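As a plain string of letters, each chain reads:
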Amino acid sequence: MADIDYAAWLRFALAQVGQQTELRILELFSGHAPMTGLAGAAGLNAVALDVEPKMLEEAQGFRLNANALELPLAASVFNLALSTNASINYLRDPAMLRSHFTDVARVLKTGGAYVFDCCPPERAGTLHLRVMHSPGGAITFSHIYERTTDILVTRVDVSGRGIEEHRQRIYTESEITDAAVSAGFAVELVVPNYAEPYAAGIRPIVTWVLRRV
Ligand SMILES: C[S@@+](CC[C@H](N)C(=O)[O-])C[C@H]1O[C@@H](n2cnc3c(N)ncnc32)[C@H](O)[C@@H]1O
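Computed from a prediction, not measured in an experiment: that's the story for all the values here.

A separate point is the overall build of the chain. When its secondary structure is counted, the chain shows six helices and 11 strands. For 213 residues, the compact-globule estimate of 2.2 N^0.38 gives 17 Å, and the chain sits close to it at 17 Å. Overall size of the chain, expressed as C-alpha extent along the three principal axes, is 45 × 35 × 30 Å. Counting the 213 residues in the chain, one finds 38% classified as buried. For the chain, the share of sequence-separated contacts (at least 6 apart) that also reach a separation of at least 24 residues comes to 58%.

Written out as structure tokens, the structure is:
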């Protein structure tokens, strides 16, 4: 899990597609849809998509309850697809990652971009055995990085509400590149922390820009 400045993240993503008269944005794995909310407030056209209806209840703007591996959307509609907060690490294996990229490439226009962030092995390594607390201390995050299976297990203890366990597949740069290229993308940029400054210590998330060719 990462603390994210969503406004800066959205600025970074929009810079990848430039000024367009009919910009259409698709926020994948949206959860409470931070990007769709910000985009809507800025007068932009965005749709939030999540597989969990409960997550979408907290979202504002256009919402679609669907699986990011089987997008119920027409081809070549969007200029920009987004995915924040290391969501692609919830895809279980490289085949699933490739299948996801293939469907995102289908719904993007040629020249469109998929901008997402992910947890790289270096970050998972620095999170291993760390216990962290949310501001105020109501939530505790404990991490174990299982290097033999490339799985980062995060136990999230919300005081008074019990413990959730998150399992995230940690992909190498070459696994992501292979999946992206075979799905019809060119890798344009791989940059730490959506190009924002970050503190020393725990390694940052990494932001990718894939271009639909
Ligand atoms: C880490 S949360 C990120 C939520 C949001 N993007 C954010 O930055 O806070 C991951 C989200 O992905 C959703 N999700 C997981 N697998 C999915 C899938 N196959 N298709 C669509 N959404 C999925 C979950 O329901 C959850 O809301």
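On we go from here.
Below, the discussion takes up the environment of I163. Inspection of the secondary structure assignment puts I163 in strand β9 (residues 162-169). Accessibility expressed as a C-beta count within 10 Å gives 10 for I163, which makes it exposed. Along the chain, I163 and N65 lie 98 residues apart, while their C-alpha atoms are 25 Å from each other. Setting aside chain neighbours within four positions, we find I163 in contact with R155, V156 and D157.

Moving on, we get to the nonpolar core. Formed by 55 residues in total, the largest nonpolar core has its most connected members in A81, L82, Y114 and C118. The element that contributes the greatest number of residues to this core is strand β5 (residues 108-118), accounting for six residues. Both domain 1 (6-119 + 171-212) and domain 2 (123-166) contribute no fewer than three residues apiece to this core. Apart from residues no more than four positions distant in its own chain, C118 is found in contact with A86, I88, N89, Y171, I205, V206 and W208.

Here we take up unusual backbone geometry. If you check the backbone angles, N85 has positive phi at about 65 degrees while not being a glycine. Phi angles above zero are rare outside glycine, and L129 is one such case at about 70 degrees. Residue L129 is classed as exposed on the basis of its 9 C-beta neighbours within 10 Å.

Here we come to the sheet that holds strand β1 (residues 24-27). Here seven strands make up an open sheet; going across it, the order is β3-β2-β1-β4-β5-β11-β10 and the pairing mixed. Sheet topology places β3 (62-65) and β10 (185-192) at the edges, where each strand pairs with a single neighbour. The mean inter-strand angle of the sheet, taken between neighbouring strand axes irrespective of direction, is 20 degrees. Sheet analysis places strand β4 (residues 78-83) next to β5, joined by five bridges and oriented parallel. In the sheet register, S83 faces β5, and the bridge partner there is F116.

Quick look at helix α4 (residues 94-107) now. With 14 residues, α4 should cover 20 Å at 1.5 Å per step; its first-to-last C-alpha distance of 20 Å lies within 8% of that length. Looking at the packing, one finds that the buried side of α4 touches β1, β4, β5, α6 (173-182), β10 and β11 (206-212).

Moving on: the domain arrangement of the chain. By domain assignment, the chain separates into domain 1 (6-119 + 171-212) and domain 2 (123-166). Taking only C-alpha atoms, the centre of domain 1 and the centre of domain 2 are 24 Å apart. Listed by partner, the interface residues are five residues for domain 1 and five residues for domain 2. Among the residues forming the side of domain 1 that touches domain 2, the class breakdown is four nonpolar, no polar and one charged.

The environment of the ligand is formed by 15 residues, the closest being F29, G31, V51, A68 and N85. Within the shell around the ligand, the residues separate by chemical class into seven nonpolar, six polar and two charged.

Rules used throughout
Residues numbered from 1 in each chain as written. Predicted model: local features only at pLDDT ≥ 70, side-chain atom pairs only at ≥ 80, totals over all residues. Helix = DSSP H or I, 4+ residues; strand = E, 2+ residues; numbered from the N terminus. Rg over C-alpha atoms; globule rule 2.2 N^0.38 Å. Buried ≥ 20, exposed ≤ 12 C-beta atoms within 10 Å, placed from the backbone. Contact = placed C-beta atoms within 7 Å. Core = buried A, V, L, I, M, F, W, Y, C linked by C-beta atoms within 7 Å. Domains from an automatic or database assignment. Pairing = 2+ DSSP bridges. Axes fitted to C-alpha atoms, helices over the stretch in contact; angles between N-to-C directions. Expected span 1.5 Å × (residues − 1). Nonpolar A, V, L, I, M, F, W, Y, C, P; charged D, E, K, R; others polar. Near = placed C-beta within 6 Å.

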